[in-house]
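Each chain is listed here by its residues.
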Amino acid sequence: MLTPIRMKHVLVQALTEDLPRVSLILAELGVFDPDDRSVAEDKFPTIPGGRYRELFNQAQARLDKIARLLGLGPLPPFHAVRVIEESELERLNSWLGDIWATGSSYEEQFRRLLDQERLVVQREESLKNFASLNVDLGLLQGDKQFLNLYVGTVPRENVRQLEEALGLAGHLLYTFLVGVETTNVIIVGPRGVQEDDLQPVLQAADFRALPVPPDLRSQPENIRREIQERRAALVRERQEIEAHLQSWAGSLRRELEDAQRTLVMAGPFVRLDNSMRSAGSLGAVTGWVPERDVTRLEETLGQRLANPFLLTVRDPLEEERSLVPTMMRRTRMFAPFQDLIRQYGIPRYGEVDPTPLFAITFVLMFGAMFGDIGQGGLIALAGWFYRAKLQRFGRFVVYLGLSSVTFGFMYGSIFGYEEIIHPLWIAPISDPSYMLTVALLWGIGFILVASLISIYNHMVTGERLKAIFGNHGMMSLFLYLSGLWGMYRMSQGYDFGTLPTILALGSLAAVFGFTWHEVKAPLGERILVAVIESMEVIMGYVSNTLSFLRVAAFSLNHMALAFAVFAIAEMMQTTGHWITVVLGNIFVLILEGGIVTIQTLRLEYYEGFARYYFGDGREYRPLELSARAAE
Amino acid sequence: MGTSSSQVYLNTRVTLFASRLLNEEQVERLPRLGLDDLAKLYGLAILQQEQGFPVGPQLRAVESALIHTVLNELLVLIRPMYGEARELVTHWARKFELFNLKALIRGKLNGLRETEIQSNLHDLPAYLALPHQALLRTESVLELLRQLERGQYRAIAGQARKVYEEHRESFLLEAAIDQHYYAGLVKRARHLSGVDRDETRKVVGLHLDRVNLMWLLRYRFTYHLSPSEAYYQLVPSPRQLFRDRLLVLVNLPTRERVLEALPSPLSQAMAGAESIAEVERRMYAITSGNLRTIIAYSPSAVARALAYLVLRELDLKRLFAVVQGRLLELDDSILRLALGLQTPDSAQAPTAAQAATL
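Residues numbered from 1 in each chain as written. Chains lettered and ligands numbered in written order. Predicted model: local features only at pLDDT ≥ 70, side-chain atom pairs only at ≥ 80, totals over all residues.

Undergrad: Whenever I open this one, the overall build of chain B confuses me. Can you help?
TA: Each helix and strand in chain B was counted, giving 20 helices and zero strands. For chain B, whose C-alpha radius of gyration is 21 Å, the value lies close to the compact-globule estimate of 21 Å for 358 residues. Considered along the principal axes of its C-alpha atoms, chain B spans approximately 50 × 50 × 50 Å. Per-residue burial for chain B yields a buried fraction of 41% across its 358 residues. Sequence separation of at least 24 residues holds for 66% of the intrachain contacts in chain B that already meet a minimum separation of 6. (Helix = DSSP H or I, 4+ residues; strand = E, 2+ residues; numbered from the N terminus. Rg over C-alpha atoms; globule rule 2.2 N^0.38 Å. Buried ≥ 20, exposed ≤ 12 C-beta atoms within 10 Å, placed from the backbone. Contact = placed C-beta atoms within 7 Å.)

In structure tokens form, the structure reads like this:
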């Protein structure tokens, strides 16, 4: 349960013509994670399928755009798969190109409609404004003998620059209505002079003309009616286009589904990319397969390939460790915790899967810091009730709630009341020193387990010297244990002890010596780094151990908050008392619940993962038959 | 910018990085270096890896490697920054995103195939978030314009549509893209506060003075745009070439009059410049000198970091020019001209040290 699943490196050699079939078989099995290194380049110099990849990518892009425009849903599952030949892909791509050309024209029509709808709104606003101006609107209409006159809109951010540029061309700009995105302007200047200069500037500023109708004032209702008619016409036009689009989409639905299926089946060959190479009529594919699936892979290839093939299987080499994908064991129970671990990183291949330890310690620490039957019960109920919305996270919330309930029984606390039931263990507030001692011992145990895991992880990943002499290695652990031994002796009234001193100094010297050996720098820098890192090991153990005192601190804090709530409630009448108790509990639940979750996560990440978890692994992503297989 | 420890960290980083900038002696030596020397001295291992490939792809690979060099340094420098300071420096890096945007637009307007356009694009990190795959996969100019309208470049999408419908050429559109970029830089510098604001405005102003002067001269006297059209494409600088001055300069009828009308330190430096290329070389020297002064003496860590990045990019452009010259087997004199070094025929350009006093 603690070690990731063992992986094997496989090399499949087959005829080049069989590579598409091989890719399909691998995708159907869903166990093959392509090795992206171009292995055996000298023996297999060519990456096959360049044209095929180009066609596929173009076809997929076209289909994505069509799907977005027509609102195509997900593809229903299908089972009969076949190899897609390049000629078929080419025909499909061409057909999709024609379909998209039509689709693009619909998009352009919608865009034009949107533009016109915006113009209608702008025109309405501008004309309302014109109608209220104390100006003869006849002056703004038609050609003038001596003046150039332009009425229209300009994007707000362009107004100032345009005004100044127009000034150089002898024109003036007046703004009369400032909108959110555009400003309505009137541009005036002498006719005939520098007119040719104007058009490019107006174009650069995205000026749009807004003609003023002659009967705006005399018959405003005509204008209003005209605008409404225009609006209605645009709505009708939009509905017509949408209807055409839906009808067209309906006629194509089956063919588009076929297209989706074809691309899903063509996807694996493209996804293999440079993990697949060839030399003439011989091709090769490399990748990683879980050890337990190798036999099934070989059998399936044997059944489905008519031509001979060769499957070579080997263990990962030491130098490949960072490239081997890690397949984390999936269990329903631990699934939500795996999501939290993924936030930190994927386990390096070979290192211990931290999921079980993380799950158990997280749940225990949360419960210890937030022990209350009532509040824990509410958390568990919330996780259960909202499980559809929270999905995997819902189970996580339920676990935390149940842990809180358990510790609630151990502390004898229900909604902050400690008189209702007798604690199975101890009420934290009754003996804070004891709680702090328990938290300290818990922390020591946690750090010991984390250190042992760190040593194991370094060993299995080939870092044997670090496993023994590194900052979280065996010598470092001896330093910690001898320090604890000495401190224990002192707590019992004795001195630190000769043997603990010798062990502590000896292990410290070993750590120092290793750091000295590892640092390649001038003498002064070497001394500095070795001393500081050795001190950091000691300080790290001290601070990490003391950090776990917060487990006790928060359990006491929880009780203290309850006391505060009851102190306020006591000052109220009966109704006010219960309202205060309810609101106080809600406040504690949300605020302290959130804080405790963050503190627990912090302990796990910082005191735990930082000590033993590399988290720099590569996630196992097998080739699959899916719509996104090529991404 | 942030806490004093962040300032100290950033200042230290900039000081360490500043040792990578090319001094005059190194620039002088560049035209004499072969490809192997360039690869060894300036970490251009890509040159050796790409040997034997056609010149075009080699140059593209070198250019990408140089861009990644400056972007990796930017990532280190923005680490201790946050808020407006980080916004500003990240926005500066968007100029590389604009290379890709312009290549895409040009390619689509000219009907190039997807693979041809792709070969002209740089592979940029995720934080320079132009969705160029979505733009690349558009199948017509109208579709490209619709994509632009959905993204952060919607402000220029309207102009892009007019350009396509009426002109079918991209020069004005590219000018609008550049203008949008520099206007964004000025706006973000204004959002800073205190000494950071004052000092970064100097850096942005220096950069923009050079860019504005070159645009002004080219728009007016090479492309023969009208004063109003040329002015509209400029971005008023917070330093020498501010709004009112630009309004005067664009109206002048000849290049010589424009150079004479520049404010006195610039007009002295430009005296006798016989071509726009010569003006550009001299402006580069002035900008470079002043930016070095800012790196050496400015109290603002952000301004120093931005000044460093501007200079570093200019240095890497010089390196690229030399690599390009070597691969295309150009004459040394052309290389010296491209690097802004003195040639026997050109008038005296100010050195960086002289320029720092302007």
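Undergrad: Would you explain the overall build of chain A in this entry?
TA: Helices and strands together make up the secondary structure of chain A, namely 19 helices and eleven strands. On C-alpha atoms alone, chain A measures out to a radius of gyration of 37 Å, which is more than a quarter above the 25 Å that the 2.2 N^0.38 rule sets for 631 residues. In terms of overall dimensions, chain A has C-alpha extents of about 110 × 85 × 60 Å along its principal axes. Burial status across chain A gives 35% buried among its 631 residues.

Undergrad: Got a minute to help me understand the interface of chain A and chain B in this structure?
TA: For an interface, size is often stated in terms of accessible area lost upon the parts coming together. Tallying the contact residues gives 22 residues for chain A and 23 residues for chain B. Listed by contribution, the elements that provide at least two residues to the side of chain A that touches chain B are α3 (86-131), α4 (159-168) and α5 (195-204) of chain A. Looking at the side of chain A that touches chain B, the element that brings in the most residues is α4(A), giving six residues. For the side of chain A that touches chain B, the residue count by class is twelve nonpolar, three polar and seven charged. (Nonpolar A, V, L, I, M, F, W, Y, C, P; charged D, E, K, R; others polar.)

Undergrad: Please clarify how the nonpolar core should be interpreted in this entry.
TA: For soluble globular proteins, nonpolar side chains are generally found buried alongside one another. Residues V201(A), V203(B), L216(B), A305(B), L306(B) and A307(B) are the most contacted members of the largest nonpolar core, which totals 108 residues. Looking at which element gives the most residues to this core, the answer is helix α18 (residues 301-327) of chain B, with 14 residues. Setting aside residues no more than four positions away along its own chain, V203(B) makes contact with L291(B), I294(B), A303(B), L306(B), A307(B) and V310(B). Grouped together as the second largest cluster of nonpolar side chains are 45 residues, V264(A), F269(A), V270(A) and L301(A) included. (Core = buried A, V, L, I, M, F, W, Y, C linked by C-beta atoms within 7 Å.)

Undergrad: Looking at this structure, how should I read the domain arrangement of chain A?
TA: Splitting chain A by domain gives domain 1 (1-41 + 280-327), domain 2 (47-122 + 220-273), domain 3 (142-210), domain 4 (332-431 + 548-616) and domain 5 (463-547). For domain 3 of chain A versus domain 4 of chain A, the distance between C-alpha centres works out to 66 Å. (Domains from an automatic or database assignment.)

Undergrad: Looking at this structure, I do not really get the sheet that holds strand β4 (residues 172-178) of chain A. What am I missing?
TA: One key point about sheets: their strands pair by backbone hydrogen bonds, in either a parallel or an antiparallel sense. Residues and elements named next belong to chain A. Spatially, the four strands line up as an open sheet ordered β4-β5-β3-β6, and their pairing is antiparallel. Two strands lie at the open edges of the sheet, namely β4 and β6 (208-209), each paired on one side alone. Strand direction decides the pairing type here: strand β3 (residues 147-155) and β6, joined by two bridges, are antiparallel. Residue G152 lies in a different strand from β6, and its bridge partner there is A209. Strands β3, β4 and β5 (182-190) of the sheet are contacted by α4, whose axis makes an angle of about 155 degrees with β4. (Pairing = 2+ DSSP bridges. Axes fitted to C-alpha atoms, helices over the stretch in contact; angles between N-to-C directions.)

Undergrad: So what exactly am I meant to see when it comes to the pairing of strand β7 (residues 276-279) of chain A here?
TA: In regular strands, side chains alternate between the two faces of the sheet. Pairing of β7(A) with strand β8 (residues 282-290) of chain A, which is carried by four bridges, proceeds in the antiparallel orientation. Paired with R277(A) across the strands is A284(A), a residue of β8(A).

Undergrad: What is the right way to look at helix α1 (residues 19-29) of chain A in this model?
TA: In an α-helix there are 3.6 residues to a turn, and that puts residues three or four apart on one side. Taken across its eleven residues, α1(A) has nine buried, putting it largely inside the fold. G30(A) sits one or two residues past α1(A) and shows a positive phi near 70 degrees.

Undergrad: When you look at the packing of helix α6 (residues 83-109) of chain B against helix α11 (residues 171-190) of chain B in this model, what are you seeing that I'm missing?
TA: For any two helices packed against each other, one specifies the crossing angle of their axes together with the interaxial distance. Residue and element names in this part refer to chain B. Where α6 contacts α11, the axes come no closer than 9 Å and their chain directions differ by 175 degrees. Classified by the angle their axes make, α6 and α11 are roughly antiparallel. Packed against α6, whose contacting residues are E84, E87, L88, H91, W92, R94, K95, L98, L101, K102 and I105, the element α11 presents L173, E174, I177, Y181, G184, L185, R188 and A189 at the interface. In terms of residue class, the contact of α6 with α11 is made up of ten nonpolar, two polar and seven charged. (Parallel < 35°, antiparallel > 145°, perpendicular 65-115°, else oblique.)

Undergrad: Just to check I follow, could you spell out the environment of G97(A) for this structure?
TA: Structurally, G97(A) is set in helix α3. Expressed as a C-alpha distance, the spacing of G97(A) and A521(A), which sit 424 residues apart in the sequence, is 61 Å.

Undergrad: Could you clarify how one ought to interpret unusual backbone geometry in this entry?
TA: Across residues other than glycine, the phi torsion is negative in most instances, and most of the peptide bonds are trans. Residues and elements named next belong to chain A. The backbone phi angle of D273 is positive, close to 45 degrees, even though this residue is not glycine. When you line up the elements, D273 lands in the loop between α6 (220-272) and β7. Taking the C-beta count within 10 Å as the criterion, D273 has 14 such neighbours and is therefore assigned partly exposed.

Undergrad: Sorry if this is basic, but what is going on with the confidence of the model for chain A here?
TA: Predicted coordinates in areas of low pLDDT are best not read in detail. The share of residues in chain A with pLDDT of 70 or more is 95%, and the mean pLDDT across the chain is 89. Taken element by element, chain A is modelled with least confidence in α5(A), mean pLDDT 80, and with most confidence in helix α7 (residues 294-304) of chain A, mean pLDDT 95. (pLDDT = per-residue confidence, 0-100.)

Undergrad: Please explain the confidence of the model for chain B as it appears in this structure.
TA: All names here are of chain B. Per-residue pLDDT for chain B averages 84, and the proportion of residues at 70 or more is 91%. Element-level mean pLDDT values for chain B span from 49 in helix α20 (residues 352-355) up to 94 in helix α14 (residues 243-250). This prediction of the complex comes with two scores: 0.76 for pTM and 0.82 for ipTM.

Undergrad: What is the right way to read the pairing of β8(A) from this model?
TA: Residues and elements named next belong to chain A. The buried count for β8 comes to eight of nine residues, which makes it a mostly enclosed element. Judged from the nine bridges that link them, strand β1 (residues 7-15) and β8 form a sheet pairing that is antiparallel. Across the sheet, residue V12 finds its bridge partner in β8, namely V285. For strand β2 (residues 33-34) and β8, the ladder comprises two bridges, and the chain directions are antiparallel. Note that in β8 the partner of D33 across the bridge is W288. What sits between the antiparallel neighbours β7 and β8 is a turn of two residues, in which G280 has the positive phi angle 65 degrees.

Undergrad: Mind showing me how you'd approach the packing of helix α12 (residues 194-221) of chain B against helix α17 (residues 276-297) of chain B here?
TA: Residues and elements named next belong to chain B. Across the interface, α12 lies against α17 with an axial gap of 10 Å and an inter-helix angle of 180 degrees. Taken as axis vectors, α12 and α17 run roughly antiparallel relative to one another. Across the interface between the two elements, E199, K202, V203, L206, H207, R210, L213, M214, L217 and R218 from α12 touch I276, V279, E280, M283, Y284, T287, N290, L291 and I294 from α17. Taken together, the residues of the contact of α12 with α17 break down into eleven nonpolar, three polar and five charged.

Undergrad: Where do I start with the environment of G462(A) in this structure?
TA: All names here are of chain A. Secondary-structure assignment places G462 in the loop between α13 (432-460) and α14 (464-469). When the C-alpha positions of G462 and L357 are compared, they lie 23 Å apart, and in sequence the two are 105 residues distant. For G462, the contacting residues outside a window of four places in its chain are E318 and R321.

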